[in-house]
Amino acid sequence: MKKLYSAWLDKIKSSQTNKQKTKSVKENSRELKLEIMQENKIAYLKLPSFSQDRVKKDKKELFNFYKKIKDYSFLIIDLRGNSGGSDFYWMENIVGPLTNETIKFKRYSTYKGGKYSMPFIKARVDQLFSISKLPKKPSYPPEVKKSFKYFSQEIVKIEPKNLANYNGKIYVLTDEDNFSAAESFAMFCKSTNWAALVGEKTGGDGVGFDPIFYMLPNSGLLIRFPIAMGLNSDGSANYEKCTVPDIKTGQPLKKVLELTNNN
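Residues numbered from 1 in each chain as written. Predicted model: local features only at pLDDT ≥ 70, side-chain atom pairs only at ≥ 80, totals over all residues. Heavy atoms only, no water.

**Quick notes on the packing of helix H2 (residues 55-68) against helix H3 (residues 87-95)**
Helix-helix packing is described using two parameters, namely the angle between the two axes and the distance between the axes.
Here is step 1 of the chain: Here H2 crosses H3 at 25°, and the two axes come no closer than 9 Å. Taken together, the axes of H2 and H3 are roughly parallel relative to one another. Between H2 and H3 the crossing geometry is right-handed. For the pair H2 and H3, the contacting residues are Val55, Asp58, Lys59, Leu62, Phe63 and Tyr66 in the first and Phe88, Tyr89, Glu92, Asn93 and Ile94 in the second. (Axes fitted to C-alpha atoms, helices over the stretch in contact; angles between N-to-C directions. Helix = DSSP H or I, 4+ residues; strand = E, 2+ residues; numbered from the N terminus. Parallel < 35°, antiparallel > 145°, perpendicular 65-115°, else oblique. Left-handed = near helix turned anticlockwise from the far one by under 90°. Contact = heavy atoms within 4.5 Å.)

And the structure:
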């Protein structure tokens, strides 16, 4: 049996290694963009990635930029093309430094609770609740109450680190390439009204945790599948409905500049 699937495992490992190398080269070539679009009024920040290894790397440059624009009326955060990384990036490098009060928000995930998946769920989730106790929301998918047994609640708390005492209006530009932590940031902005979202619907998958692996018994092939369905603040499935911006447009930067110039 080992001979049967060892070749496939080698191919998968090789493919993953090559993808990581490609991603690393691509990641290193995508740098922050910090610009002044209109002196004393509009600042622009392009965030190409929320990669964990960029948290410390970008922090000093970002903090210095925030101090420079502390009296600006508008900050545009361009999230387009950002496929995610770590939530720690946006909590530590964006929201914390630009807020002056503690922010708390809740994220819910639901689980079918199958025999194979339960050990993985229990290893990642501190407490599970019966699906019957899920708080009422207007947009739950019909399968939530029919096919899912449990849900978990995560209370995220972000402490203020408002070094620049920034009080201006913040716009976040989104597109369909926003996944993972980038999607999580978009969800946060919309559910808390921390910033106005402008652009296209995101790509989703911002709640829950990494998919798990299962090896098919005969072929030895590995399949990877999610075991959690993350929910938006209205109860809809995040991966299905994603995050819809406050202002939908295919030209978000142009739209925001129109809005800011009218103020």
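**What about the sheet that holds strand S11 (residues 229-231)?**
The pairing of strands in a sheet happens through backbone hydrogen bonds and is either parallel or antiparallel.
Here is step 1 of the chain: The 4 strands are arranged S5-S6-S4-S11 in an open sheet whose pairing can be described as antiparallel. The open sheet has two edge strands, strand S5 (129-130) and S11, and neither has a second partner.
Here is step 2 of the chain: With 9 bridges joining them, strand S4 (residues 103-111) and strand S6 (residues 150-158) adopt antiparallel strand pairing. Across the sheet, the residue bridging to Arg107 is Glu154, located in S6. (Pairing = 2+ DSSP bridges.)

**Let's talk about the confidence of the model for the protein**
Here is step 1 of the chain: Per-residue confidence for the protein averages 90 on the pLDDT scale, and 88% of its residues sit at or above 70.
Here is step 2 of the chain: pLDDT under 50 marks residues 21-29. Its contacts with residues more than four places away, or in other chains, come to 3 contacts. (pLDDT = per-residue confidence, 0-100.)

**Regarding the packing of H3 against helix H6 (residues 180-192)**
Here is step 1 of the chain: At a closest axis distance of 8 Å, the pairing of H3 and H6 adopts a crossing angle of 50°. Here H3 lies oblique to H6, going by the angle between them. Here the hand of the crossing between H3 and H6 comes out right-handed. In this structure, H3 contributes Asp87, Trp90, Ile94 and Val95 to the contact, and H6 contributes Ala181, Ser184, Phe185 and Phe188.
Here is step 2 of the chain: Looking at the contact of H3 with H6 residue by residue, the classes come out as 6 nonpolar, 1 polar and 1 charged. (Nonpolar A, V, L, I, M, F, W, Y, C, P; charged D, E, K, R; others polar.)

**Looking at the sheet that holds strand S7 (residues 169-174)**
Here is step 1 of the chain: Read from one edge of the open sheet, 6 strands run S1-S2-S3-S7-S8-S12, paired in mixed fashion. Each end of this open sheet is capped by a strand with a single partner; those strands are strand S1 (33-38) and strand S12 (247-248).
Here is step 2 of the chain: Those strands touched by helix H8 (residues 252-261) are S1, strand S2 (42-46), strand S3 (74-78), S7, strand S8 (196-199) and S12, and its axis lies near 165° from that of S7.

**Some thoughts on the side chain of Arg107**
Here is step 1 of the chain: With respect to the helices and strands, the residue Arg107 is situated in strand S4.
Here is step 2 of the chain: The class for Arg107 is buried, based on a relative accessible area of 10%.
Here is step 3 of the chain: Among the polar contacts made by the side chain of Arg107, one reaches the side chain of Asp87 at a distance of 3.2 Å.
Here is step 4 of the chain: What Arg107 contacts, discounting residues up to four positions off in sequence, is Asp87, Ser152, Gln153, Glu154, Val156, Ser184, Gly206 and Val207. (Buried < 20%, exposed > 50% of the residue type's maximum accessible area, 1.4 Å probe, protein only. Polar contact = N/O pair within 3.5 Å; in protein donor to acceptor, adjacent residues only side chain to side chain.)

**Regarding the pairing of S4**
Here is step 1 of the chain: Taking burial as the measure, the 9 residues of S4 include 7 buried ones, the bulk of the element.
Here is step 2 of the chain: With 3 bridges joining them, S4 and S11 adopt antiparallel strand pairing. Residue pairing for S11: Ser109 is matched across the bridge by Gly230.

**Looking at the nonpolar core**
Side chains of a nonpolar character, in soluble globular proteins, are inclined to be buried together.
Here is step 1 of the chain: Ranked by internal contacts, the top residues of the largest apolar core, which has 38 residues, are Phe50, Leu75, Trp90, Ile94, Phe185, Phe188 and Trp194.
Here is step 2 of the chain: Of all the elements, H6 adds the most residues to this core, at 6 residues.
Here is step 3 of the chain: Contact partners of Leu75, with chain neighbours within four places excluded, come to Ala43, Leu45, Phe65, Ile69, Leu98, Tyr166, Lys169, Ile170 and Tyr171.
Here is step 4 of the chain: Core analysis: the next-biggest nonpolar cluster, separate from the first, contains 10 residues, Ile131, Leu134, Phe151 and Ala237 among them. (Core = buried A, V, L, I, M, F, W, Y, C linked by side-chain atoms within 4.5 Å.)

**A word on a nonpolar patch on the surface**
Here is step 1 of the chain: Taken together, the side chains of Tyr116, Phe120, Tyr214 and Ile223 make up a nonpolar region of the molecular surface, amounting to roughly 330 Å² of accessible area.
Here is step 2 of the chain: Inspection of the secondary structure puts Tyr214 in strand S9 (residues 212-215). (Patch = residues over 30% accessible without salt bridge, like charges linked within 9 Å, V, L, I, M, F, W, Y side chains within 5 Å. Areas by Shrake-Rupley, 256 points an atom, 1.4 Å probe, with all protein chains shown as cover. Salt bridge = Lys/Arg side-chain N within 4 Å of Asp/Glu carboxyl O.)

**A word on the pattern of salt bridges**
Here is step 1 of the chain: Overall, the coordinates contain 11 salt bridges when judged by the stated rule.
Here is step 2 of the chain: Between Glu92 and Lys59 there is a salt bridge whose closest N-O contact spans 3.8 Å. Taken together, the positions of Glu92 in helix H3 and Lys59 in helix H2 put the pair 33 residues apart, joining distant regions of the chain.
Here is step 3 of the chain: On the basis of relative accessible area, Glu92 is assigned to the buried category, the value being 17%.
Here is step 4 of the chain: Look at Lys59 and you get partly exposed, because its relative accessible area is 26%.
Here is step 5 of the chain: Here Lys161 and Glu92 are joined by a salt bridge, their closest N and O atoms 2.6 Å apart. Of this pair, Lys161 sits in the loop between S6 and S7 while Glu92 sits in helix H3; the two residues are 69 residues apart in sequence, bridging distant segments of the chain.
Here is step 6 of the chain: Looking at Lys161, the relative accessible area reads 32%, which means it is partly exposed.

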